[in-house]
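Working through the structure, step by step
The primary structure of each chain is shown beneath.
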Amino acid sequence: MESEVLDDLQNGYYIYQPGRGFKFGMDAVLLSDFAACKARNAIDLCTGTGIIPILLAAKTDIAHIDAVEIQHEMADMAKRSVEYNGLGNRINIIEGDLKEAPSLLGKGRYDIVTVNPPYMKAGGGIVSDGDMRAVSRHEIMCTLEDVIRVSSELLVPHGKLFVVHRPSRLTDLFFEMRKASVEPKLMRPVHPCVGKEMNLVLVCGIKNARPELKMLPPLYVYNEDGSYTKEIDDIYGR
C-alpha cells in the first residue's frame, strides 16, 4: 500500500494497518476478549486487517482460525501480519465475500464465529472518504442480515456467535439472530464511564439454544479522572 504502518500490539505481536484511513478500535479488542473461550476452531468475519484473529491467537489455545475479508488491501495486510507474527499455522486469511463462506468452507463447521460488522445501514449517516473506511463502517458489501445468516450456517449446533455492535442496532441484531436460530444468551453493555449511556454492546448467541438472555455487569472504559479502568487495562494486558 501507499501508506501503512506496523503497529506494536504490546502482547508480542504486531499488525499492519493503513497509515491513513480505517484502523481497528477498542471494539475489536473488547470483542476478542469477550470471545476468548475454549474451542477447536473459529472464524472471524469482516476481519479487516486481522486484529481479532491475532488477539484470539494470543489469548486462547484455539488451533485454527479462519478469517474472511472482502477488501483486497485489508486482506493483504492481514496476510502479511499473520506471516510477520509466525501465525501461519493457526490463522488463515481468506480474501472474499463472506456470503460465499458457507459454500466455500462448509456449513456446520465452526465452534465460534466472531464478527465486528459495519455499524451503519446503507444510506445512513455520512459516508467517509476512501473506500476502505466506507466499506468498514457502512453496510455496503454486506448487511447485518447477511452476517448473522452466514454465521448461523457456519456454526456447529450449539456453537457460539460473538458480536459487537451499537446499542441503536440491538433490536435489529436480536431480530436477525432469532430469525437465524441463534439465540441471544449473553449481553454486556459498554459505557465510556459511570453515568454515561452505553455506546457499544457485546452479545453472545448460541445456535439452536433455548431462549434465556443474561445481562452481564457493565464494562466501563474510563475512570472519573479520564484514566482507563483496571478492567480495560487487564484486557489490553497493561
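Coordinates for the structure precede this section.
So, a few notes on the structure that sits alongside this text.

The rules we used
Residues numbered from 1 in each chain as written. Predicted model: local features only at pLDDT ≥ 70, side-chain atom pairs only at ≥ 80, totals over all residues. Heavy atoms only, no water. Helix = DSSP H or I, 4+ residues; strand = E, 2+ residues; numbered from the N terminus. Rg over C-alpha atoms; globule rule 2.2 N^0.38 Å. Buried < 20%, exposed > 50% of the residue type's maximum accessible area, 1.4 Å probe, protein only. Contact = heavy atoms within 4.5 Å. Areas by Shrake-Rupley, 256 points an atom, 1.4 Å probe, with all protein chains shown as cover. Core = buried A, V, L, I, M, F, W, Y, C linked by side-chain atoms within 4.5 Å. Salt bridge = Lys/Arg side-chain N within 4 Å of Asp/Glu carboxyl O. Axes fitted to C-alpha atoms, helices over the stretch in contact; angles between N-to-C directions. Left-handed = near helix turned anticlockwise from the far one by under 90°. Nonpolar A, V, L, I, M, F, W, Y, C, P; charged D, E, K, R; others polar. Phe/Tyr/Trp six-rings, centres within 6.5 Å; stacked < 30°, edge-to-face > 60°. Pairing = 2+ DSSP bridges.

**Describing the overall build of the protein chain**
Summing up its helical and strand segments, the protein chain has 8 helices and 11 strands in all. Against the 2.2 N^0.38 benchmark of 18 Å for 238 residues, the protein chain shows a C-alpha radius of gyration of 17 Å, consistent with a compact globule. Along the three orthogonal principal directions, the C-alpha set of the protein chain runs to about 50 × 45 × 40 Å. A total of 238 residues make up the protein chain; the buried ones form 50% of that total. Partitioning the intrachain contacts of the protein chain with sequence separation of at least 6 by distance along the chain shows that 70% fall at a separation of at least 24. For the protein chain, the accessible area works out to roughly 11,500 Å², and carbon and sulfur atoms hold 50% of it.

**So, unusual backbone geometry**
The phi torsion of most residues other than glycine is negative, and most of the peptide bonds are trans. Its identity as a non-glycine residue notwithstanding, C46 has a phi of 55°, on the positive side. By the secondary structure assignment, C46 is in the loop between β3 (41-45) and α2 (51-59). Taking relative accessible area as the criterion, C46 reaches 22% and is therefore assigned partly exposed. Its identity is not glycine, yet N208 carries a phi of approximately 65°, on the positive side. If you trace the backbone, N208 turns up in the loop between β9 (200-207) and β10 (214-215).

**Quick notes on the nonpolar core**
Grouped burial of nonpolar side chains is what soluble globular proteins tend to show. Within the largest apolar cluster, 40 residues are counted, with the highest numbers of intra-cluster contacts made by L30 and I91. Among the elements of the structure, α1 (26-34), α2, β4 (64-69), α3 (72-84), β5 (91-95), β7 (155-165), β9 and α8 (230-236) are those that each provide at least two residues to this core. Sequence-distant contacts of I91, that is, excluding residues within four places in its chain, are made with P53, I54, A57, I65 and V82. The next biggest cluster of nonpolar side chains, apart from the first, holds 27 residues, and it includes I43, V113, L144 and F174.

**Concerning the environment of R238**
Within the secondary structure layout, R238 lies in the segment after α8. Residue classification places R238 among the exposed residues on the basis of a relative accessible area of 53%. Through-space distance from the C-alpha of R238 to that of N11 is 9.0 Å; in sequence the pair is 227 residues apart. Every residue in contact with R238, bar those within four places of it in the chain, is listed here: Y228, I232 and D233.

**A closer look at the pattern of salt bridges**
Applying the stated criterion to the full structure yields 14 salt bridges. Across the salt bridge formed by R109 and D66, the nearest N and O atoms sit 4.0 Å from each other. Note that R109 is positioned in the loop between α4 (101-105) and β6 (110-115) and D66 in strand β4, a separation of 43 residues in sequence. On the accessibility criterion, R109 (34% relative accessible area) is partly exposed. The exposure class of D66 is buried, given its relative accessible area of 2%. Taken together, the shared-partner salt bridges in this structure form one network comprising E4, D76 and R80.

**A short note on the packing of helix α6 (residues 144-154) against helix α7 (residues 170-179)**
Pairs of packed helices are described in terms of their axes, by the angle between the two and the distance that separates them. Put simply, α6 and α7 touch, their axes get as near as 9 Å, and they point 35° apart. As α6 packs across α7, the resulting crossing turns out to be right-handed. Between α6, through L144, E145 and I148, and α7, the contact on the second element is made entirely by D172, L173, E176, M177 and K179. Looking at the contact of α6 with α7 residue by residue, the class counts come to 4 nonpolar, no polar and 4 charged.

**Observations concerning the packing of aromatic side chains**
Here the structure, examined in full by the defined rule, presents 4 aromatic pairs. Aromatic side chains Y16 and Y84 sit 6.1 Å apart centroid to centroid with 80° between the ring planes, which places their arrangement in the edge-to-face category. With Y16 in strand β2 (residues 14-18) and Y84 in helix α3, the pair connects residues that are 68 residues apart, well separated along the chain. You can call Y16 buried: its relative accessible area is 17%. A centroid spacing of 5.1 Å and a plane angle of 20° characterise the contact between Y222 and Y228, whose relative ring orientation is stacked.

**Here we look at the pairing of β6**
Counted residue by residue, β6 has 6 buried out of 6 residues, so it is predominantly covered. Summarising the sheet, β3 and β6 pair through 4 bridges and their orientation is parallel. When the sheet's bridge partners are listed, L45 is paired in β6 with V115. Bridge count between β6 and β7: 5 bridges; the pairing is parallel. For I112, the partnering residue across the bridge sits in β7 and is K160.

No statement about biological role is implied by the geometric values presented.
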